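Summary of the model geometry
Listed below, chain by chain, are the residues.
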Amino acid sequence: MFTRASRWLRANLPTRESIERSRVLRPVAHRVLAPELWRFTRRSVPRGVALGMVTGILFPVAQVPLSALLALPVRANIPVAALTTLITNPLTTPPLWVAAYWIGSRLLHYRHAAGTMVRASESWLHWILSEAGPALVLGLVTITIVFAVTGFAASALGWRWWVVRKWRARALARAR
């Protein structure tokens, strides 16, 4: 399965040359194609995970281009940042927003439930913008911070675990 996925990625991902020739990317191609933004290193991968979490949760549209753009000043791995934005999709976004509203309403000490918030005389949009908006935004920011810090730490620890495992395997091979 992994080989099939890697073959599909190699066949469908744009090449370095096609990015350099792109009219849209030509002015910033030298910056976007910097090798340190595409290498998988112990510093760039956790940054990419955290950045992907932030753009994936806080920005409902254009997550992948935004994460690639923000990876430049942060020096995060662009592919990791772009792939991590996929944490939010049509299946995960509604539960995430419900959880964000619940967390935000708890932090703001709202006493009423979400089901009783919308009255027949009010529109849904009015409710979101006036009453639910602050709780939703605070909850999304809280979830984003928790997910970004957790993703950064987990990927850094995972990287460390992988390197230590390789070192031990190499030491075992030398000992034989």
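Residues numbered from 1 in each chain as written. Predicted model: local features only at pLDDT ≥ 70, side-chain atom pairs only at ≥ 80, totals over all residues. Heavy atoms only, no water.

On to the packing of aromatic side chains, then. What the rule picks out here adds up to one aromatic pair. With 5.5 Å between their ring centres and 70 degrees between their planes, Trp159 and Trp162 make a pair best called edge-to-face. Of the two residues, Trp159 and Trp162 both sit in helix α8 (residues 124-175), three residues apart, roughly one turn of that helix. In this structure Trp162 comes out as partly exposed when scored by relative accessible area, which is 36%. The side chain of Lys166 reaches across the aromatic face of Trp162, ending 4.5 Å from its centre. (Phe/Tyr/Trp six-rings, centres within 6.5 Å; stacked < 30°, edge-to-face > 60°. Helix = DSSP H or I, 4+ residues; strand = E, 2+ residues; numbered from the N terminus. Buried < 20%, exposed > 50% of the residue type's maximum accessible area, 1.4 Å probe, protein only. Lys NZ or Arg CZ within 6 Å of the ring centre and 35° of its normal.)

Let us now look at a nonpolar patch on the surface. A cluster of nonpolar side chains, contributed by Leu58, Phe59, Val137, Val141, Ile145 and Val149, occupies part of the molecular surface with about 500 Å² of accessible area. Looking at which element gives the most residues to the nonpolar patch, the answer is α8, with four residues. (Patch = residues over 30% accessible without salt bridge, like charges linked within 9 Å, V, L, I, M, F, W, Y side chains within 5 Å. Areas by Shrake-Rupley, 256 points an atom, 1.4 Å probe, with all protein chains shown as cover. Salt bridge = Lys/Arg side-chain N within 4 Å of Asp/Glu carboxyl O.)

A few words on the side chain of Ser155. With respect to the helices and strands, the residue Ser155 is situated in helix α8. A distance of 3.1 Å separates the side chain of Ser155 from the backbone oxygen of Phe152, its partner in a polar contact. Residues within four places of Ser155 in sequence aside, it is in contact with Val45, Pro46 and Val49. (Polar contact = N/O pair within 3.5 Å; in protein donor to acceptor, adjacent residues only side chain to side chain. Contact = heavy atoms within 4.5 Å.)

A positive phi angle is found at Ala62, which is not glycine, with a value near 55 degrees. As for its placement among the helices and strands, Ala62 is situated in the loop between α4 (44-58) and α5 (63-74). Classification of Ala62 by relative accessible area gives partly exposed; the value is 48%. Notably, Arg75 is not glycine yet its phi reads approximately 60 degrees, a positive angle. Mapping Arg75 onto the fold places it in the loop between α5 and α6 (78-84). Judged by relative accessible area, Arg75 falls into the partly exposed class, the value being 49%.

For the rest of this paragraph, the subject is the environment of Ala50. You can see Ala50 is positioned in helix α4. Residue classification places Ala50 among the buried residues on the basis of a relative accessible area of 15%. Distance from Ala50 to Ala76, taken between C-alpha atoms, is 8.9 Å for residues 26 residues apart in sequence. Residues contacting Ala50, with those up to four places away along its chain left out, are Ala148 and Phe152.

A rise of 1.5 Å per residue sets the reference length of α4, with its 15 residues, at 21 Å; its end C-alpha atoms lie 21 Å apart and thus fit the reference within 8%. Summarising burial for α4: 12 of the 15 residues are buried, a large majority. Considered for burial, the residues of α4 that qualify are Ser44, Val45, Pro46, Gly48, Val49, Ala50, Leu51, Gly52, Met53, Thr55, Gly56 and Ile57. (Expected span 1.5 Å × (residues − 1).)

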